[in-house]
Structures are given as C-alpha cells and as structure tokens.
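Read off the chains here:
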Amino acid sequence: MIIGKRLGEDRFKFYKTVLAGNTDQLLFDEEFNAWFVFNVRNLHTLIRDERLKANTKTVIDKLPLKIETIRTLKNFYSNWVMFTDGESHKQLRRLVGTIINTRYHAINYTWPQINKNCDFTTEYARPYVYGILAQLVGVSVEDISRMVSASETINSFLLRERLTLDDIEQVAHSIEYAYQVVKEIEDKHVGEPLYIGNELLDLPQETRYPLIINLVTDGFAPFVAALDFLAFNLLTHPYLEEELNAKAGQISLESLRLFPPFTTISRTCVHEIPFKEKIIRPRQLVIFDLYSINRDPEVFPDPEKFNLENTARAYSFGAAQHLCSGNPLVRKALEQVTRQSESLYKYKIQSYCFKNSYGFTDMNLSIELK
Ligand code: HEM
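Residues numbered from 1 in each chain as written. Predicted model: local features only at pLDDT ≥ 70, side-chain atom pairs only at ≥ 80, totals over all residues.

Looking at an unreviewed UniProt entry, the protein chain carries the name Biotin biosynthesis cytochrome P450, with the source organism given as Bifidobacterium longum subsp. infantis.

A.B. asks: Pulling in residues and values, what's your account of the overall build of the protein chain?
C.D. replies: Regarding its fold elements, the protein chain presents eleven helices and ten strands. Here the protein chain has a C-alpha radius of gyration of 21 Å; the compact-globule value for 370 residues is 21 Å, and the two agree. For the protein chain, the spread of C-alpha atoms along the principal axes amounts to about 60 × 55 × 35 Å. Per-residue burial over the protein chain gives 42% buried out of 370 residues. Within the protein chain, contacts between residues at least 6 apart in sequence are counted, and of these 71% link residues at least 24 apart. (Helix = DSSP H or I, 4+ residues; strand = E, 2+ residues; numbered from the N terminus. Rg over C-alpha atoms; globule rule 2.2 N^0.38 Å. Buried ≥ 20, exposed ≤ 12 C-beta atoms within 10 Å, placed from the backbone. Contact = placed C-beta atoms within 7 Å.)

A.B. asks: Describe the sheet that holds strand E10 (residues 360-369), naming the residues involved and giving the relevant values.
C.D. replies: Spatially, E4-E10-E9 is the arrangement adopted by the three strands of the open sheet, whose pairing is antiparallel. The open sheet has two free edges, formed respectively by strand E4 (118-119) and strand E9 (347-357), since each of these has just one partner strand. Sheet topology places E9 next to E10; ten bridges connect them, and they run antiparallel. Bridge pairing in E10 links Tyr 352 to Leu 365. Each of E9 and E10 touches helix H8 (residues 205-236); the most contacted strand, E10, lies at about 45 degrees to it. (Pairing = 2+ DSSP bridges. Axes fitted to C-alpha atoms, helices over the stretch in contact; angles between N-to-C directions.)

A.B. asks: I'd like a description of the sheet that holds strand E3 (residues 52-53), backed by residues and values.
C.D. replies: Taken together, five strands build an open sheet; the order of strands is E1-E2-E8-E5-E3 and the sheet is mixed. Where the open sheet ends on each side, the last strands, each with one partner, are strand E1 (26-29) and E3. Sheet topology places E1 next to strand E2 (residues 34-37); four bridges connect them, and they run antiparallel. Paired with Leu 26 across the bridge in E2 is Val 37.

A.B. asks: How would you summarise the pairing of E10 if you had to cite specific residues and measurements?
C.D. replies: Pairing analysis gives two bridges linking E4 to E10, with the strands arranged antiparallel. Paired with Asp 119 across the bridge in E10 is Ser 366.

A.B. asks: With reference to specific residues and values, describe the site of the ligand.
C.D. replies: In the vicinity of the ligand, 26 residues are found, and the nearest of them are Gly 219, Gly 318, His 322, Cys 324 and Gly 326. Those elements that provide at least two residues to the shell around the ligand are helix H4 (86-103), H8 and helix H11 (327-339). Looking at the shell around the ligand, the element that brings in the most residues is H8, giving seven residues. Looking at the shell around the ligand, its residues break down into 17 nonpolar, seven polar and two charged. (Near = placed C-beta within 6 Å. Nonpolar A, V, L, I, M, F, W, Y, C, P; charged D, E, K, R; others polar.)

A.B. asks: Could you give an account of the packing of H8 against H11, naming the residues involved and the relevant values?
C.D. replies: What describes two packed helices is the angle between their axes and the distance between those same axes. Where H8 meets H11, the axes come as close as 11 Å, and the angle between the chain directions of the two elements is 30 degrees. Here H8 lies roughly parallel to H11, going by the angle between them. Pair H8 / H11 crosses with right-handed handedness. Together, Phe 223, Ala 226, Leu 227 and Leu 230 of H8 and Val 330, Leu 334, Val 337 and Thr 338 of H11 make up the contact between the two elements. Tallied by class, residues from the contact of H8 with H11 come to seven nonpolar, one polar and no charged. (Parallel < 35°, antiparallel > 145°, perpendicular 65-115°, else oblique. Left-handed = near helix turned anticlockwise from the far one by under 90°.)

A.B. asks: Break down helix H5 (residues 120-137) for me, citing the residues and quoting the values.
C.D. replies: Residues spaced three or four apart along an α-helix point in a common direction, a consequence of the helix completing one turn every 3.6 residues. Over its 18 residues, H5 extends 25 Å from the first C-alpha to the last, a length consistent with the 26 Å expected when each residue adds 1.5 Å. The complete set of buried residues in H5 reads Phe 120, Thr 121, Tyr 124, Ala 125, Arg 126, Val 129, Tyr 130, Ile 132, Leu 133, Ala 134, Leu 136 and Val 137. At the exit of H5 stands Gly 138, carrying a positive phi of roughly 80 degrees. (Expected span 1.5 Å × (residues − 1).)

A.B. asks: For the environment of Leu 73, give the residues involved together with the corresponding values.
C.D. replies: Looking at the secondary structure, you find Leu 73 in helix H3 (residues 67-77). Of the residues examined, Leu 73 has 22 C-beta atoms within 10 Å and is grouped as buried. Sequence separation of Leu 73 and Ile 60 is 13 residues, and the distance between their C-alpha atoms is 7.5 Å. If we skip the residues at most four places from it in the chain, Leu 73 touches Ile 60, Val 171 and Ala 172.

A.B. asks: Account for the nonpolar core, with residues named and values stated.
C.D. replies: Within soluble globular proteins, side chains that are nonpolar tend to cluster in buried spots. Leu 133, Val 216 and Val 286 are the most contacted members of the largest nonpolar core, which totals 96 residues. Not counting residues within four places of it along the chain, the set of residues in contact with Val 216 comprises Leu 133, Val 137, Ile 144, Met 147 and Val 148. (Core = buried A, V, L, I, M, F, W, Y, C linked by C-beta atoms within 7 Å.)

A.B. asks: How would you summarise the environment of Ile 293 if you had to cite specific residues and measurements?
C.D. replies: Secondary-structure assignment places Ile 293 in helix H10 (residues 290-293). For the pair Ile 293 and Thr 311, spaced 18 residues apart in sequence, the C-alpha separation works out to 15 Å. With residues near it in sequence (within four places) discarded, Ile 293 still touches Phe 38, Asn 39, Val 40, Leu 43, Phe 288 and Tyr 315.

A.B. asks: Which residues make up unusual backbone geometry, and what are the values?
C.D. replies: Its identity as a non-glycine residue notwithstanding, Glu 277 has a phi of 60 degrees, on the positive side. Mapped onto the secondary structure, Glu 277 falls in the loop between strand E6 (273-275) and strand E7 (278-280). Of note in the backbone geometry, Ala 320 takes a positive phi value of approximately 60 degrees without being a glycine. Looking at the secondary structure, you find Ala 320 in the loop between H10 and H11. For Ala 320, a count of 11 C-beta atoms within 10 Å gives the class exposed.

A.B. asks: Can you lay out the environment of Ile 280 for me, pointing to particular residues and giving the numbers?
C.D. replies: By the element assignment, Ile 280 lies in strand E7. Each C-alpha atom, one on Ile 280 and one on Asp 187, is 48 Å from the other, the two residues being 93 residues apart in sequence. Ignoring anything within four residues of it in the chain, the contact list for Ile 280 reads Trp 35, Cys 269, Ile 273, Phe 275 and Val 286.

Written out as structure tokens, the structure reads:
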C-alpha cells in the first residue's frame, strides 16, 4: 500500500479510509519502508524507545554526491536540533531552549486590527511571524525575511518525500547561500546585546550558522500555518466571538489540535523492535501521523468537532525528547492573537484552500468584509 504517497496527495480523505479497518492502527508502507502510527497509545509506546533515532538523514553518506556536498549536508544536519540524538542533541536543545526561554517573555505579541479585504496569509500571518522572529533573533524584519527566503529550498529537503540527486545538490548550494546571508547579517549586528548570535559566539561558525538558521526557519512555516488555521476556525465557528477573551488558551490549542501544521514526525529504527506481533526492523522509518493521532477517538471524543471541552493534550508540538522548543513562544502568541481577534469578525471567508505536502499542511485564506 502506498500510504506515504497518498498522505501527501490527500491526507484528509486518506486517514479516515485507512483507520476505519485497522485495529492495530499500525501500517507498513513498502515504498517508504516505513511504519505509520495513527493513535496516541502507539505513539506513547514508541516515541521514547531508544531503538528509534531522530536522525532520518543517515542516507546522505551513501548517496553518490560530491564530497563537498556531503560535507555541507552532514555538517548542516548534524547541527539541526530535530535530527540529532544523544549527547549532541541534549547540548543543542539546551542551548536553543535557554535562548528561547529567556527571550520569549519580552516579545511584544500585539496582533493588528484587521481592516481590509485581503489574502490573510500574506497580509497578516506572514508579517506577524516575521515580527515575532525578528524580536526573538534581535534583527530587523527585513533581515529575518531574507533568512527565511534563503532557507526555503533547504526546508524542501525536509518536507518532500522524494528528491533527485540534483535536488540534493541544490539543497547544499542553498545551505551555503543561507550561511552567506547569516554572515552578512551577523557582521551588521555583532556586539549588539539583542542579537542572538552573540549568545552563541563561543561556538564555531559551522555550528552557529546552522543553529541560527534552525531557530529562524524551523518555526516560520508552521507558525504562519497555525495563524491561518486559527483565523479559519474562528470564522467558521462564529460562537467563538463571545469567548475570545475568556477561552483564548483553549481556542488556540484546539485549533492546533484539529490542524497540526507538521502532520508527521519521523524516526529511524536502529535495532529490531518487536511490536504487536510485528517487527520493526533496522533502517525502517516509523512515521507518527500527528494529524490522525490528534483525532484519536479514544482520547478526543467526537474528534472532528472543534470542541472547547477537549482538555487532553494534543501532539501538534510532538512529544518526548524532541518536543518543540518553540512551543511556549507559539502558545503565548496564539493566545494573544485570539484575544485580539475581535476585528476579524467584521470579515467572512472569501476563499480558502488546504495545501498538503508530505509532512506539512497549511492553507491559503482570503477574507472580505461581511
Ligand atoms: C505552530 C508552530 C510550530 C509547530 C506546530 C511546531 C512543531 C514542532 C514539532 C512537531 C516538532 C518535533 C519534531 C520531531 O519530533 O521530530 C518541533 C521541534 C522543534 N521546533 Fe517547533 N513548531 C512550531 C514553531 C516553532 C518555533 C516558532 C520555533 C523556534 C522559534 C521552533 C523550534 C523548534 C525546534 C528547535 C525543534 C527541535 C526540538 C528538538 O529536536 O529537541 N518551533 N516543532
């Protein structure tokens, strides 16, 4: 069964069809050489298993690529927090976590008044996220937007299920280019108390640059998507207008449960794992389908419904050792946006379109005056 392919093409129809007949909630996809996990129970059993590793880029070594390309990719991904394991993961995670946690309280999260018919994503969601990340990193909005654009190709490596060797060469070029952009920005800001790079200055460039890019770009796309989904949910559930202040936290978390921007997280098996009369073998992937896990009917009653009574934890920020480091910042921001969303209700949805790719989902949303 070509699950992975169908996940990318039409996740929304797909998960319902597959889950209906599957009691184990665990399926193997030969094309992907991957096990797919669909429910909370299996996620809990497997996510902390030491025989599963976060580094899903081990294949890089074996690809027939130029030596410099392999070096660039390996260096980059061995400093990309999400793909590291063991001691080096602990160190990088501590570093990134400390930076985010000491800075996110001081950010100004003010959400603007909505005052025009527009493409919501371009006019409101993206500029807002640029503004938040610019404050986090201590640079201008223009600099952050340069870093994000420079990194867009790099991210395609993480989100596409199949890449040609040419694509991978392209990714390596983009990494080099992104380093150049970070260097230019750093040269302007070095010594300034707010610039994040100054807290990392004792790290060598080959660790510092990927980490800065990691901090800026890991969160950009899912954060924008989360704002789109929040606006979509607010507009499609008009009764929420009365609850914006009192229930801002529940509203923003429920929106993230229904529409997790990262729809999957993956691990690679390094030692055999017997599981439910099946065997997960070395080199096979385990892909946790967060989209389905967040709709597990054992945990979330009536899971398709936007339900403010849902108090169980959802998994949009992942779980266990690799739980999203940006989650306190994002939660604070989404709560604030919800509280300040009164002006959105002067508008209605003009058009919307979900965009699914492998491992990621977002939407185009346009609004017009009622
Ligand atoms: C709505 C927005 C966001 C969502 C839905 C999200 C989701 C996730 C998920 C699911 C993971 C776990 C990946 C895995 O287990 O393989 C993750 C990890 C991570 N996220 Fe986020 N994220 C968001 C925003 C951010 C932001 C704004 C930042 C930085 C400012 C950030 C930084 C990170 C980092 C550094 C990791 C790696 C943590 C580790 O591996 O220990 N994220 N995120």
